[in-house]
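Architecture and fold: a report
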Amino acid sequence: MKKTVKDIDVKGKKIICRCDFNVPMQDGEITDDNRITAALPTIKYMVEQGAAVILMSHMGRPKGEPNPKYTLAPVAKRLTELLGKEVIFAQSDVVVDDKVRAAAAKLKAGQVMLLENLRFRAEEEKNDPAFAKDLASLAEIYVNDAFGTAHRAHASTAGIADYLPAVSGFLIEKELKFLGDALNEPVRPFVAILGGSKVSDKIAVINSLLEKADTIIIGGGMSYTFFAARGWNVGNSLCERDKLDVAKEIEEKAKAKGVKFLTAVDIKVADKFGPDATKFMYVDADKMPDGWEGQDIGPKTREIYAEEIANAGTVFWNGPMGVFEYYEFAGGTKAVADAIVKSNAVSIIGGGDSASAAKQFRIEDEITHISTGGGASLEFLEGKALPGVEALQDK
Ligand code: AMP
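All residue numbers refer to positions counted from 1 along the written sequence of the respective chain. In view of the model being predicted, local features appear only for residues whose pLDDT reaches at least 70, and side-chain atom pairs are presented and counted only at 80 or more, with totals across whole chains, interfaces and linings using the full set of residues. Side-chain measures were taken over the full set of non-hydrogen atoms in the model, leaving aside hydrogen atoms and water.

Observations regarding the site of the ligand
Being near a molecule or strand, for a residue, comes down to having at least one heavy atom within 4 Å of it. What surrounds the ligand is a group of 15 residues, the closest being Ser197, Gly294, Gly322, Glu325 and Asp353. Separating a nitrogen atom of the ligand from a backbone N or O atom of Gly221 is a distance of 3.1 Å. Whenever a nitrogen or oxygen atom comes within 3.5 Å of another N or O atom, the pair is scored as a polar contact, on the condition that within protein one atom can donate a hydrogen and the other can accept it, and that pairs from neighbouring residues in sequence are kept only if both atoms are in side chains. A distance of 2.4 Å is found between an oxygen atom of the ligand and a side-chain nitrogen or oxygen belonging to Glu325. Accessibility throughout is a Shrake-Rupley quantity obtained with a 1.4 Å probe, and a residue counts as covered only by protein chains that appear here. When the ligand sits alone it has 510 Å² of accessible area, and the protein chains cover 82% of it. Under the grouping applied here, Gly and all other residues not named as nonpolar or charged are polar, the nonpolar ones being Ala, Val, Leu, Ile, Met, Phe, Trp, Tyr, Cys and Pro and the charged ones Asp, Glu, Lys and Arg. Across the shell around the ligand, the residue classes tally to five nonpolar, seven polar and three charged.

Here we look at the side chain of Thr333
With respect to the secondary-structure elements, Thr333 resides in helix α11 (residues 331–342). Between buried and exposed lies partly exposed: a residue is buried under 20% and exposed over 50% of the maximum accessible area for its type, with that area taken using a 1.4 Å probe on protein chains only. When its relative accessible area of 0% is taken as the criterion, Thr333 is described as buried. Within the structure, the side chain of Thr333 is placed 3.0 Å from the backbone nitrogen of Met321, a separation counted as a polar contact. Residue contacts are defined here by distance: any two heavy atoms, one from each residue, within 4.5 Å place the two residues in contact. Residues within four places of Thr333 in sequence aside, it is in contact with Asp296, Trp317, Pro320, Met321, Gly322, Phe324, Ala357 and Phe361. Here a helix means four or more residues in a row that DSSP labels H or I, a strand means two or more in a row labelled E, and each is numbered from the N terminus.

Regarding the domain arrangement of the chain
Domain segmentation is taken from an automatic or database assignment of domains. On domain assignment, one finds that the chain holds domain 1 (5–170) and domain 2 (177–381). For domain 1 and domain 2, the distance between their C-alpha centroids amounts to 35 Å. Residue-level contacts link nine residues of domain 1 with ten residues of domain 2. Both faces combined, the contact of domain 1 with domain 2 buries some 640 Å², and carbon together with sulfur accounts for 59% of it. For salt bridges, the criterion is a side-chain nitrogen of Lys or Arg within 4 Å of an Asp or Glu carboxyl oxygen. Here domain 1 and domain 2 share one salt bridge between them. The shortest N-O distance in the salt bridge between Asp32 and Lys359 comes to 3.6 Å. Taken together, the residues of the side of domain 1 that touches domain 2 sort by class into two nonpolar, three polar and four charged. The term buried area means the drop in 1.4 Å probe accessible area that two parts suffer when joined, counted for both and summed.

Some details on the nonpolar core
Only buried residues count toward a nonpolar core. Its members are Ala, Val, Leu, Ile, Met, Phe, Trp, Tyr and Cys residues joined through side-chain atoms within 4.5 Å. Formed by 72 residues in total, the largest nonpolar core has its most connected members in Ile193, Leu194, Ile206, Ile216, Phe226, Phe316 and Trp317. Beyond its immediate sequence surroundings of up to four residues, Phe316 is in contact with Leu179, Phe190, Val191, Ala192, Ile193, Leu194, Leu209, Ile348, Gly350, Leu378 and Leu381. Of all hydrophobic cores here, the second largest spans 32 residues; its members include Ile8, Cys19, Ile36 and Leu72.

A word on the pairing of strand β1 (residues 14–18)
A large share of β1 lies buried, amounting to five of its five residues. Here β1 shows no split at all, with Lys14, Ile16 and Arg18 on one side and Ile15 and Cys17 on the other all buried. If DSSP finds at least two bridges between two strands, the strands pair. Direction of pairing for β1 relative to strand β4 (residues 52–56): parallel, over a ladder of five bridges. The partner of Lys14 across the bridge, within β4, is Ala52.

Side note on unusual backbone geometry
Residue Arg188 is joined to Pro189 through a cis peptide bond whose omega torsion reads 0°. Note on placement: Pro189 falls in the loop between α6 (170–184) and β9 (190–194). In this structure, Val95 takes a positive phi of about 70° despite not being glycine. What makes Val95 buried here is its relative accessible area of 0%. In the Ramachandran plot, Asn127 falls in the positive-phi region, its phi being about 55° despite a non-glycine side chain. Within the secondary structure layout, Asn127 lies in the loop between α4 (122–125) and α5 (129–136).

Pasting the structure below:
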């Protein structure tokens with residue numbers, strides 16, 4: 001167990017807190033502020049305790065150079081609105097300079113300041129010790145509440161903990177609790193639903209879930225690699241030919257371990273990909289005609305998957321069942337989402353595209369826990385140590 005901000009005395013202290021304010025932006029406007037609202041409980045707690053709070057985050061990929069397109073100024077503005085108190089924006093192309101140091105030194109109890117985008121400095125992603133020390137010099141305590149970047153060893157997520165007492169915020173605490181419980185003490189049967197485009201991205205997580213889950217449900221583009229491994233025709237569908245052996249091995253392992261391993265029995269195919277498709281039909285998964293591309297699970301599959309989900313005690317879901325961004329291919333993903341909502345299972349969505357799907361279908365409030373970190377939640381489920389968590393003090 002890692003110490004949280006509640007396990008140490010933060011009263012009147014100066015705290016530097018890593019958040020994940022990597023919000024989607026369009027024309028300088030924040031289009032979704034979920035990640036900012038998710039950070040509020042920790043920020044409010046620190047303010048209520050009379051701490052002086054310095055927040056930091058990255059946004060986008062400015063590639064180690066200042067770029068006005070990726071400034072955190074709009075985040076400071078939104079935070080000011082959400083907190084109902086001014087969040088001072090420490091504008092600086094180099095993130096920390098003498099002006100920023102002076103502003104941090106002057107920061108009073110209960111005040112909040114936000115640094116500029118950490119990735120304006122190449123040293124951030126290199127986990128450069130001098131940059132980490134520079135950030136640490138602004139405060140007395142380090143809090144990490146950025147689960148989305150916890151799987152990366154960067155100056156603000158790992159290096160900084162070498163110089164300050166380091167604890168987690170409430171968001172990381174919550175993520176570790178839900179993902180940890182699902183993994184270690186799941187209410188059974190434990191059904192893991194994995195979709196998305198590639199098997200190669202999910203091999204490690206499938207292997208790890210084979211040790212924990214009772215049922216593994218496969219959907220999305222990666223289905224076709226499993227089909228091809230069985231010698232089935234996959235037409236123009238996405239298929240990783242160099243992963244056929246891996247797919248075969250996974251299925252054999254599932255059988256040996258007695259894990260139910262479900263793939264689609266029927267699929268929705270189209271003449272072209274996504275928005276360019278003009279002709280559609282449903283075919284049996286083992287009878288895919290040449291020239292067609294599989295882009296969603298079919299109605300028989302939806303029913304089978306829904307039944308499995310209805311009987312689950314815990315459901316973990318990562319990755320869409322089809323090309324859900326387009327209406328024609330969203331049906332399978334929607335059916336899985338609906339089944340999760342209907343079931344009484346503890347439900348956990350592992351970030352990324354399934355979190356967007358949950359939002360698209362407006363079911364977010366019906367899910368037990370939606371992880372804020374796609375990559376981080378998968379690496380956690382793979383059993384990997386997350387550097388941003390490892391760096392924190394143990395209880
Ligand atoms: P991932 O990033 O691996 O979780 O994959 C998510 C992406 O997979 C989404 O953008 C989906 O559109 C895409 N996807 C899902 N099913 C298919 C499919 N059958 N063919 C191609 N892409 C797919």
